[in-house]
Amino acid sequence: MVKTAAQLAVMRESGRLLAQVFDMLDGFVAAGRSTLELDSAVEAFIRHELKARPASLGQYDYPFSINTSINEVVCHGMPSAKQFLKDGDIINIDITLEKGGFIADSSKMYMIGNVAPKAKRLVEMTFEAMWAGIRQVKPGARLGDIGHAIQSHAQANGYSVVREYCGHGIGRQMHEEPQILHFGRPGTGLELREGMVFTIEPMLNQGSAKVRSLKDGWTVVTKDNSLSAQWEHTVAVTSDGFEVLTLQTNA
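Residues numbered from 1 in each chain as written. Predicted model: local features only at pLDDT ≥ 70, side-chain atom pairs only at ≥ 80, totals over all residues. Heavy atoms only, no water.

- Per an unreviewed UniProt entry, the protein goes by Methionine aminopeptidase and derives from Pseudomonas synxantha.
- Under Catalytic activity (unreviewed entry), UniProt gives the following word-for-word description of the protein: "Release of N-terminal amino acids, preferentially methionine, from peptides and arylamides." (UniProt positions renumbered as here; feature names shortened; annotations may be inferred.)

Considerations on a nonpolar patch on the surface
Step number 1: Together, Met1, Val2 and Leu190 give the surface a local cluster of nonpolar side chains, amounting to about 240 Å² of exposed area.
Step number 2: Relative to the assigned elements, leucine 190 resides in the loop between strand 8 (176-180) and strand 9 (197-200).
Step number 3: Accessibility expressed as a relative area gives 34% for leucine 190, which makes it partly exposed. (Patch = residues over 30% accessible without salt bridge, like charges linked within 9 Å, V, L, I, M, F, W, Y side chains within 5 Å. Areas by Shrake-Rupley, 256 points an atom, 1.4 Å probe, with all protein chains shown as cover. Salt bridge = Lys/Arg side-chain N within 4 Å of Asp/Glu carboxyl O. Helix = DSSP H or I, 4+ residues; strand = E, 2+ residues; numbered from the N terminus. Buried < 20%, exposed > 50% of the residue type's maximum accessible area, 1.4 Å probe, protein only.)

A look at the packing of helix 1 (residues 5-26) against helix 2 (residues 35-49)
A pair of packed helices is captured by two measures, namely the crossing angle of their axes and the spacing between those axes.
Step number 1: Viewed as axis vectors pointing N to C, helix 1 and helix 2 meet at an angle of 135°, and their least axial separation amounts to 10 Å. Relative to helix 2, the element helix 1 is oriented oblique. Judged by the twist between their axes, the crossing of helix 1 over helix 2 is right-handed. Together, Gln20, Val21, Met24 and Leu25 of helix 1 and Ala41, Val42, Phe45 and Ile46 of helix 2 make up the contact between the two elements.
Step number 2: Tallied by class, the residues present in the contact of helix 1 with helix 2 amount to seven nonpolar, one polar and no charged. (Axes fitted to C-alpha atoms, helices over the stretch in contact; angles between N-to-C directions. Parallel < 35°, antiparallel > 145°, perpendicular 65-115°, else oblique. Left-handed = near helix turned anticlockwise from the far one by under 90°. Contact = heavy atoms within 4.5 Å. Nonpolar A, V, L, I, M, F, W, Y, C, P; charged D, E, K, R; others polar.)

Let's talk about the sheet that holds strand 13 (residues 228-230)
Step number 1: If you trace the three strands from one edge of the open sheet to the other, you get 6-10-13, paired in antiparallel fashion. Only two strands of the sheet have a single neighbouring strand rather than two, namely strand 6 (160-161) and strand 13.
Step number 2: Across three bridges, strand 10 (residues 203-205) lies against strand 13 in antiparallel orientation. The partner of asparagine 205 across the bridge, within strand 13, is serine 228. (Pairing = 2+ DSSP bridges.)

Points about the UniProt feature "binding site: a divalent metal cation 2" (unreviewed entry) in the protein
Step number 1: Per the UniProt record, the feature "binding site: a divalent metal cation 2" (unreviewed entry) sits at Asp105, His168, Glu201 and Glu232. Considering the C-alpha atoms alone, the annotated residues occupy 128 residues of sequence yet fold into one spot, their largest mutual distance being 10.9 Å.
Step number 2: Structurally, the position occupied by aspartate 105 is in strand 5 (residues 102-111).
Step number 3: For aspartate 105, the residues in contact, after removing those within four places along its chain, are Leu18, Asp94, Ile95, Thr96, His168, Ile170, Thr199, Glu201, Glu232, His233, Thr234 and Thr246.
Step number 4: Polar contacts involving the side chain of aspartate 105 include one to the side chain of histidine 168, which spans 3.3 Å.
Step number 5: Within the secondary structure layout, glutamate 232 lies in the loop between strand 13 and strand 14 (233-237).
Step number 6: Taking relative accessible area as the criterion, glutamate 232 reaches 0% and is therefore assigned buried.
Step number 7: Excluding anything up to four places from it in sequence, glutamate 232 contacts Asp94, Asp105, Ser106, Ser107, Met130, His168, Thr199, Ile200 and Glu201. (Polar contact = N/O pair within 3.5 Å; in protein donor to acceptor, adjacent residues only side chain to side chain.)

Listed below in structure tokens is the structure:
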């Protein structure tokens, strides 16, 4: 679970490159584009511009480079040539990138055109919840501190936290130990140590926390069809706190 300084340097580069993918998407995501167009643009950018590998493609036999989760889709939405972004949509784009043998993982919400105030608030509060969790990261803290901070922020603002999916350790493999739950009790769980690297990626729902999977075997939606939002960063534990490896420089 603990990365060496040399390994962390490679992961820092993977994270920097992944942030550049979102820089590209910031000027590309728009109403009228299909989610398959987004996938194709990301794969081409990662391969040709960044000389890296889209790590999700082929992972667990997944056939695309990104997940595109719109409105009531909680996670693992599959790109499609028949699905077009439209005014008022909220979409999470989840991307992994491998460079030098190490993987970075991040996701970001995009609001398309004129988004309803309730949807915008969900997106903003989910972003704040992720950062509430990130700010708990330091040597000696515990995983329950992260989960509790996220859960407290979500519930104080009237949202539920999806429990079936969580953050995870990351490095040479996309999913490593430990699991990072987005709910919990402070002072419980694994103690954090310098050199650990993991994702924090809360999914908040407007309604019930309950979810269901669609027949494609990937797409997860809210059971009550309420809106869902997610943000994600790859985070390293440093000697005195944390470093977000996937942070956009212009964010």
